[in-house]
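Secondary and tertiary structure notes
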Amino acid sequence: MERSVIVHIDSPIAVIRPELHGHFLEHLGTATYGGIWVGRESAIPNIDGLRRDAVVALKELGVPVLRWPGGCFADNYHWRNGIGPYVSRPRTVNHTWGGIIEDNSFGTHEFMRLCELIGAQPYVAGNMGSGSPAELRDWVEYCNFPAGSSLSDQRIAHGAPDPFRVRFWGVGNESWACGGHMSAEEYAALYARFATFVPTCGDVQPYLIAVGPNNNDTDWTRRFFTALSSARTYAPPINGFAMHYYSWGKSRSTRYTADTVREQLSTFDDVERAIKEQRAYLDALTPPLNRGHIDLLVDEWGTWDLSDLAEEREHGRFWQQNTMKDAVAAALGLNVFHRQADKLAMCNLAQVANVLQAPLLTDGERCIRTPTFHAFALMKDHQGKSSLKLDCAGKPATELSVSASRDEHTMYVTIVNPDPAQNTSVRLVCDGAMAASATGWMINHTDMNACNTFNQPDVILPRPVRPELSAGNLRLDLPALSVTHLRLEVA
Ligand code: AHR
């Protein structure tokens, strides 16, 4: 059955902030240690201890923002353990994730170097669960104060003469669960205290991100804002409110069936609904609850498959193989964020290497790019472009998912057929312009569980497609479980 998609080229929704394509790195499994950090003495080629292949790949991916050090780990992390000469850094236990010992060789400076090398803005999640307001205040000063205070001079002595100028600061993580099992009221009270003491240093005003709901838990949202504002004369600063939304699956990564694929991918309809409802809730806040615009973020999202204990034993906690359906999941998520670009400030895929829906998988000296990597890389075109209104976007993600954006002369369209069994085709009509030429790439495989492995790293790669162009409109065949990305020159 052919479907029609109309792109309204003169009806922009909003600019797609590059931050909607953000990523996340936690001290969990082999995400940080092994996946990104190998240390300067390693035989694995590295730049200042950061594995070179990962740096090259992430730079190519165009990571606009990277969240660190957790996740749940953030509420157990004490930043002072991760600065200064390696030999004097303490050996601590990662009590959050498996009780393994870490030598703290990856700390603040190493994270900032990674961000610098890949061109990402740093987003640091502060420790509210087991830390103090003073510890967070000092971390901000250490990072952002230009010079002259003991903390800033310590940073300079550790090799960073210029402040790191970190703008994004998270105040806790999942405080409703691993971050302290707090009620919304308890979290609001603590949030107000912590946020009050986060300093502006020089001209860097912190952008403070509060813990938002698990999925679309509007009860958390309502109670948090009620508690945050109602009993106070002066409002604590808050810039963003971050929801977490995972797409749980009922199969192990490479054992999906058509039914379990459909079930997992259908969660993206729920993600879109949650974004609309949470944004509507924030917009409806009236004084005294609303004292200025508050951004909505989704700072953890992605597929979470049934764990495979053998693989986890080999590669680390939450290691997940990444298959064709993950490329589709990545594109479905990004399509949702593009369509809702007027409602979102940042989204961070969990996680950047070796954990959950990772763009990179590493094993010793080998590093491979996953189907998720290829979907993000293709869709990078949309970053910073104007998202366009569409007719068809109302269709559930389980049927067909589209997003479109444009700059002056070029339109970018990503079309996903998420059905694991049905081929389809699409007619793309550009309302308000004629497509003069079109180039395209497709990610697809006949096996929904196909994946790139360390021995066969290129099983899934984007390949060029040639859409049929007639009278300024396009026709395309969309195989089952496929991602197609188009660049159209429009006149
Ligand atoms: O991404 C893995 C974990 O999932 C994070 O640490 C936590 O925030 C979430 O529950």
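Residues numbered from 1 in each chain as written. Predicted model: local features only at pLDDT ≥ 70, side-chain atom pairs only at ≥ 80, totals over all residues. Heavy atoms only, no water.

**Let's talk about the site of the ligand**
Inclusion rule: Residues are counted as near a molecule or strand when any one of their heavy atoms sits within 4 Å of it. Polar contact criterion, stated in full: a pair of N or O atoms within 3.5 Å, where within protein one must be able to donate a hydrogen and the other to accept it, and residues adjacent in sequence count only if both atoms are side-chain atoms. Residue burial considers only the protein chains on display, and all accessible areas are found by Shrake-Rupley using a 1.4 Å probe. The secondary structure listing takes helices from DSSP runs of H or I that are at least 4 residues long and strands from runs of E that are at least 2 residues long, numbered from the N terminus. Side-chain classes are defined by residue name, with Ala, Val, Leu, Ile, Met, Phe, Trp, Tyr, Cys and Pro counting as nonpolar, Asp, Glu, Lys and Arg as charged, and the others, Gly among them, as polar.
Neighbouring the ligand are 14 residues; Glu26, Cys72, Glu174, Tyr246 and Glu300 lie closest to it. Residue Glu26 places a side-chain N or O atom 2.7 Å away from an oxygen atom belonging to the ligand. Between the ligand and the protein, one listed contact pairs an oxygen atom with a side-chain N or O atom of Asn173 at 3.0 Å. Compared with its free state, where it exposes 280 Å², the ligand has 94% of that area covered by protein. Elements represented by at least two residues in the shell around the ligand include exactly β11 (240-252) and β12 (295-306). When the residues that make up the shell around the ligand are grouped by side-chain class, the tally is 7 nonpolar, 4 polar and 3 charged.

**Section: the environment of Gly84**
Its location among the elements puts Gly84 in the loop between β5 (65-68) and β6 (92-94). Residues Gly84 and Leu265, spaced 181 residues apart in sequence, show a C-alpha to C-alpha distance of 45 Å.

**Notes on the state of the cysteines**
Rules: Two cysteine sulfurs form what is called a disulfide whenever their separation falls within 2.5 Å. The rule is simple: take the accessible area with a 1.4 Å probe, protein chains only, and divide by the maximum for that residue type; under 20% is buried, over 50% is exposed, in between is partly exposed.
Enumeration over the complete set of coordinates arrives at 1 disulfide. This cysteine, Cys115, is not joined by any disulfide, and Cys143 carries the nearest cysteine sulfur, 11 Å off. Of the residues examined, Cys115 reaches a relative accessible area of 3% and is grouped as buried. Here Cys430 stays free of any disulfide, with the sulfur of Cys392 as its closest cysteine sulfur at 13 Å.

**Thoughts on the packing of helix α5 (residues 184-196) against helix α6 (residues 218-230)**
Here is the rule: Structural elements are reduced to axes, namely lines fitted to C-alpha atoms, with helices fitted over the stretch in contact, and the angle between N-to-C directions of any two is expressed from 0 to 180 degrees. For classification, angles of less than 35 degrees are called roughly parallel, those exceeding 145 degrees roughly antiparallel, those between 65 and 115 degrees roughly perpendicular, and all remaining angles oblique. Crossing handedness: left-handed means the near helix sits turned counterclockwise from the far one by under a right angle, and right-handed means the same turn made clockwise. Here, residues are in contact when the closest pair of their heavy atoms is within 4.5 Å.
Contact geometry of α5 with α6 gives a least axis separation of 8 Å together with a crossing angle of 45°. When the axes of α5 and α6 are compared, the pair comes out oblique. Two packed elements cross with a definite hand, and for α5 against α6 that hand is right-handed. Of α6, the residues touching α5 (which contributes Ala184, Glu185, Tyr187, Ala188, Tyr191 and Ala192) are Trp220, Arg223, Phe224, Ala227 and Leu228. Tallied by class, residues from the contact of α5 with α6 come to 9 nonpolar, no polar and 2 charged.

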